[in-house]
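# A look at the structure
Residues per chain are reported as follows:
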Amino acid sequence: MEKKVLRGITWGHSRGFTSIMAVSQRFMELHENVEISWEKRSLQEFADAPIGQLAKKYDLLVIDHPWAGFAAKHGILLPLQEYLPEDYLEDQEDNSVGESYMSYMFGGVLSALPVDAAAPVAVYRPDYFEAAGKKAPENFDEVLELARQKRVIYAGIPINLLMDFYMFCVTAGGELFSEERVVRTETGEEALEEMRNLAALCPKEIFQWDPIAVHENLASDTGYMYCPFAYGYSNYSKEGYAKHLLKASDVVNYKGRRFRTVLGGTGLAVSSACREKETAVRFAEYAASPLIQRTLFFEAGGQPGHRAAWTDEECNRRSMDFFRDTLNTLDEAYLRPRYSGYLYFQDRAGEYIREYLMNGGSAADTLKKLNSLYRKSMEVDR
């Protein structure tokens with residue numbers, strides 16, 4: 001019997017690699033004529049790689065939802081709404097974590113199925129807080145106070161600072177990406193100043209750290225005890241994954257309401273160039289199904305995209321209630337733009353913010369640079 005061979009690309013963390021590998025292994029055991037292999041890249045390489053090039057080389061792609069507009073415009077990914085049963089798609093939409101499902105729908109094209117759901121959440125060392133007889137912060141002022149004690153870290157690489165900027169703006173009531181500007185001047189400048197206030201109290205090393213590095217530092221003997229917002233990794237709340245367990249929770253309040261963080265996660269897509277389209281779609285259907293999401297996928301290090309896993313007693317028991325205690329934050333998460341040129345903006349905007357946070361200058365000038373970049377992105381097809 002001739003093998004049906006599929007090649008996939010994902011990102012090189014347990015959450016992105018071992019999870020999909022485990023699901024693939026079982027799918028191959030159930031379908032002996034199918035062979036699935038996966039390659040992995042670093043988180044940054046994965047984010048930077050042009051999806052058009054990847055879709056020519058790989059059959060299965062784990063993607064970020066901001067690519068949805070480009071994919072829909074250029075037809076490089078299969079429109080999954082044309083290949084999957086209606087009741088299956090209804091279940092996916094009804095059991096979305098926040099807007100994870102709709103994040104891959106653009107222009108009537110469903111470019112991927114949400115197999116991973118994430119947004120910045122609070123994460124901390126429960127043993128440190130217990131030893132100090134303290135509770136984790138409940139509002140931003142308490143975060144700043146803890147930061148003055150040199151116990152707070154967060155992800156300060158450009159892409160994450162940009163997501164933090166969105167968070168501060170939308171939580172304060174700002175409307176993003178309208179009228180040829182990123183946000184109203186007053187809202188944007190205040191957000192940048194608030195971000196600089198926090199950054200000034202944290203170690204300079206954060207400007208080199210992504211969320212994985214933040215979790216690794218918290219889980220080690222560094223003395224850091226709290227991160228107010230980092231894309232969550234349930235792995236670090238599971239026994240045996242790291243030296244010290246980390247507790248995750250909803251983010252703190254800011255200006256009288258919970259921070260509204262920015263939706264992340266990943267989706268499983270099928271390339272339009274795939275020669276074994278039917279097999280690839282059946283695998284995607286299997287991988288994103290509620291049973292596999294809350295069992296095989298989760299057990300192998302994945303952070304499921306299906307709500308059944310987030311409310312599942314066993315998944316929560318094995319992760320210090322990671323899913324239950326962060327679900328409100330995920331459900332309220334802001335959905336980034338997905339127009340075809342958006343990633344031109346996203347790939348560059350964070351550099352301006354990091355420069356301001358690290359070296360000072362003018363918040364007004366920084367915002368002007370962001371607005372200029374946004375207008376240019378509307379003319380770019382990427």
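Residues numbered from 1 in each chain as written. Predicted model: local features only at pLDDT ≥ 70, side-chain atom pairs only at ≥ 80, totals over all residues. Heavy atoms only, no water.

## Observations regarding the sheet that holds strand 12 (residues 266-270)
Note the threshold: Two strands are said to pair when DSSP picks up at least two bridges between them. For helices the rule is a DSSP run of H or I covering at least 4 residues; for strands it is a run of E covering at least 2, with both sets numbered from the N terminus onward. All axes here are fitted lines through C-alpha atoms, helices being fitted over the stretch that makes contact, and every angle between N-to-C directions spans 0 to 180 degrees. What makes two residues a contact is simply this: any of their non-hydrogen atoms within 4.5 Å.
With mixed pairing, the 5 strands of this open sheet are ordered in space as 2-1-3-12-6. Of all strands in the sheet, those with a lone pairing partner are strand 2 (34-41) and strand 6 (113-116), marking the two edges. On average, each strand axis in the sheet is tilted by 25° relative to the strand beside it, whichever way the strands run. Both strand 1 (residues 4-11) and strand 2 contribute to a ladder of 8 bridges, which runs parallel. Bridged to T10 within strand 2 is K40. The strands touched by helix 1 (residues 18-30) are strand 1, strand 2 and strand 12; relative to strand 2, the strand with the most contacts, the crossing angle is about 170°. Running over the sheet, helix 12 (residues 277-287) touches strand 1, strand 2, strand 3 (60-63), strand 6 and strand 12 and is turned about 160° from strand 12.

## Things to note about the packing of aromatic side chains
Heads up, the condition is: Between the rings of Phe, Tyr and Trp (Trp by its six-membered ring), a pair exists once the centres lie within 6.5 Å; its type follows the angle of the planes, with under 30 degrees stacked, over 60 edge-to-face, and the other angles tilted. Per-residue accessibility, obtained with a 1.4 Å probe over protein chains only, is compared with the maximum for each type, and a residue is labelled buried under 20%, exposed over 50%, and partly exposed between these values. By the criterion adopted, a ring carries a charge over it if an Arg CZ or a Lys NZ lies within 6 Å of its centre and within 35 degrees of its normal.
Using the criterion set out here, one finds 32 aromatic pairs in the structure. Aromatic side chains F27 and F283 sit 5.3 Å apart centroid to centroid with 80° between the ring planes, which places their arrangement in the edge-to-face category. Here F27, found in helix 1, pairs with F283, found in helix 12; they are 256 residues apart in sequence, far enough to count as distant. Accessibility classification places F27 together with F283 in one group, the buried group. When the centroid spacing of 6.3 Å and the interplanar angle of 70° are considered together, the rings of W209 and Y224 count as edge-to-face. Taken as a pair, W209 in the loop between helix 10 (185-199) and helix 11 (211-218) and Y224 in the loop between helix 11 and strand 8 (226-231) lie far apart in primary sequence, 15 residues in all. An aromatic cluster is defined as three or more aromatic residues linked by ring pairs; in this entry it consists of Y166, F177, Y334, Y339, Y342, F345 and Y374. The lysine or arginine in question, K40, covers the ring of F17, its NZ or CZ lying 4.5 Å from the ring centre.

## Describing the nonpolar core
The criterion, for reference: As used here, the term nonpolar core means buried Ala, Val, Leu, Ile, Met, Phe, Trp, Tyr and Cys residues forming a set that is joined through side-chain atoms within 4.5 Å.
Core analysis: the biggest nonpolar cluster contains 119 residues, and F165, Y166, Y226, L268, F283 and F345 have the highest contact counts within it. Counting residues per element, this core draws most heavily on helix 9 (residues 158-171), which supplies 9 residues. By size, the runner-up hydrophobic cluster in this structure holds 16 residues, among which are A119, V121, A248 and F298.

## A look at the side chain of R125
In plain terms, the rule: Definition of a polar contact: a pair of N or O atoms within 3.5 Å, with one able to donate and the other able to accept a hydrogen when the atoms are protein atoms, and with sequence-neighbouring residues admitted only if both atoms are side-chain atoms.
Relative to the assigned elements, R125 resides in the loop between strand 7 (120-124) and helix 7 (126-132). Given a relative accessible area of 1%, R125 falls into the buried group. One polar contact links the side chain of R125 to the main-chain carbonyl oxygen of L218, over a distance of 2.9 Å. Sequence-distant contacts of R125, that is, excluding residues within four places in its chain, are made with L218, A219, S220, Y224, M225, H244, L245 and L246.

## Some thoughts on the side chain of S234
Of note, S234 is situated in the loop between strand 8 and strand 9 (247-249). For S234, a relative accessible area of 1% gives the class buried. Residues in contact with S234, not counting those within four places in the same chain, are G302, Q303, F322 and F323.

## Describing the sheet that holds strand 8
Taken together, the 3 strands give an open sheet; going across it, the order is 8-7-9, and neighbouring strands pair in antiparallel fashion. Looking at which strands have only one partner, the edges of the open sheet turn out to be strand 8 and strand 9. Along the sheet, successive strands turn relative to each other by an average axial angle of 35°, direction set aside. Direction of pairing for strand 7 relative to strand 9: antiparallel, over a ladder of 3 bridges. Bridging from a neighbouring strand, V123 pairs with A248 of strand 9.

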